[in-house]
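A closer look at the structure
Residue strings, one per chain:
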Amino acid sequence: MKRTIQSRRKVYGQVLQHARRHPHRECCGVLAGRKGLITQAFPAKNVAADPVRNYEIAPKEIVRLMGELRKRRLEFLGFYHSHPFWLDTNEPSCKDIALAYYSKAIHFIITPRPYATTPIRAFSIQHGCATELEIEVLP
Ligand SMILES: [Zn+2]
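First things first, this report covers the structure right here in the doc.

Cut-offs and rules
- Residues numbered from 1 in each chain as written.
- Predicted model: local features only at pLDDT ≥ 70, side-chain atom pairs only at ≥ 80, totals over all residues.
- Helix = DSSP H or I, 4+ residues; strand = E, 2+ residues; numbered from the N terminus.
- Rg over C-alpha atoms; globule rule 2.2 N^0.38 Å.
- Buried ≥ 20, exposed ≤ 12 C-beta atoms within 10 Å, placed from the backbone.
- Pairing = 2+ DSSP bridges.
- Axes fitted to C-alpha atoms, helices over the stretch in contact; angles between N-to-C directions.
- Contact = placed C-beta atoms within 7 Å.
- Core = buried A, V, L, I, M, F, W, Y, C linked by C-beta atoms within 7 Å.
- Expected span 1.5 Å × (residues − 1).
- Arc of directions from axis to C-beta.

1. Some remarks on the overall build of the protein
Regarding its fold elements, the protein presents three helices and seven strands. Counted from the first residue to the last, the protein has its helices and strands arranged as β-α-β-β-α-β-α-β-β-β. In terms of overall size, the protein behaves like a compact globule, its C-alpha atoms giving a radius of gyration of 14 Å where 139 residues would be expected to give roughly 14 Å. Counting only C-alpha atoms, the protein reaches 40 × 35 × 30 Å along its principal axes. Among the 139 residues that make up the protein, the fraction classed as buried is 32%.

2. Thoughts on the sheet that holds strand β1 (residues 4–8)
With respect to topology, seven strands assemble into a closed barrel ordered β1-β3-β2-β4-β5-β6-β7, the strand pairing being mixed. Between one strand and the next, the sheet's axes are offset by a mean angle of 40°, whatever the strand orientation. The sheet contacts of helix α1 (residues 9–21) involve β1, β2 (28–34), β3 (37–44), β4 (75–82), β5 (106–110), β6 (120–126) and β7 (129–138), and relative to β3 the element is tilted by about 20°. Seen against the sheet, helix α2 (residues 59–71) touches β2, β3 and β4 and runs at an angle of roughly 145° to β3.

3. Side note on the pairing of β6
When you tally the buried positions in β6, you get five out of seven residues, the bulk of the element. Relative to β7, β6 runs antiparallel, the two sharing five bridges. When the sheet's bridge partners are listed, Phe123 is paired in β7 with Glu132. Here β6 folds back onto β7 in antiparallel fashion, the turn holding two residues, of which His127 has a positive phi close to 50°.

4. Considerations on the nonpolar core
Ranked by internal contacts, the top residues of the largest apolar core, which has 27 residues, are Val15, Leu31, Tyr80, Phe108 and Ile110. Elements supplying a minimum of two residues to this core: α1, β2, β3, β4, β5 and β6. If we skip the residues at most four places from it in the chain, Val15 touches Ala41, Tyr80, Phe108, Ile110 and Ile120.

5. Quick look at the pairing of β2
Among the seven residues in β2, six count as buried, and that is most of the element. Inspection of the sheet shows β2 paired to β3 by seven bridges, in the antiparallel sense. Residue pairing in the sheet places Gly29 in a bridge with Pro43 of β3.

6. Some points on the environment of Tyr115
Among the secondary structure elements, Tyr115 is positioned in the loop between β5 and β6. C-alpha of Tyr115 to C-alpha of Lys2: the two residues are 113 residues apart in sequence and 24 Å apart in space.

7. Describing α1
Here α1 is 13 residues long and its end C-alpha atoms lie 19 Å apart, about the 18 Å a rise of 1.5 Å per residue gives. Of the positions making up α1, those classed as buried are Val11, Val15, Leu16, His18 and Ala19. One side of α1 carries all its buried residues, which in axial view fall inside an arc of 155°. What points out from α1, more than 90 degrees from its buried face, is the exposed set Arg9, Gly13 and Arg21. In the core, the buried residues of α1 are packed alongside β1, β2, β3, β4, β5 and β6.

8. Remarks on unusual backbone geometry
One non-glycine residue with positive phi stands out, namely Arg73, at about 55°. Along the chain, Arg73 turns up in the loop between α2 and β4. Note on Arg73: 8 C-beta atoms within 10 Å, which makes it exposed. Backbone geometry places His127, a non-glycine residue, at a positive phi of 50°. One can find His127 in the loop between β6 and β7. Given 7 C-beta atoms within a 10 Å radius, His127 is considered exposed.

Following this line, the structure appears as structure tokens:
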């Protein structure tokens, strides 16, 4: 059975919109909330050398975002990023798995493709292994 995580519907809309605004490259950001419930998404700049195939948040921006969360009394819960529309899967790539160093983070992977059956999928990535999580969307 898949582990279930919870997200506010608003977050779902926010990250999907972010991905659809930039369908040709990867977009990324941070997921935050309270008591494990994802209540907010914070967009970040993708500073990867090749933003079409990768995403990378600058360490400085991570520090800034963590400060922002602390100020709002939110917990850091994970990251989101999109895969460009020509990739037909929103599953973690080998690179996504290799670079996932926060083992407790939830990873939302989004596809900007219209009519995708699962435009947002969630994964836990630990010890080089990705496990899909069920997302329960709350109002
Ligand atoms: Zn990826």
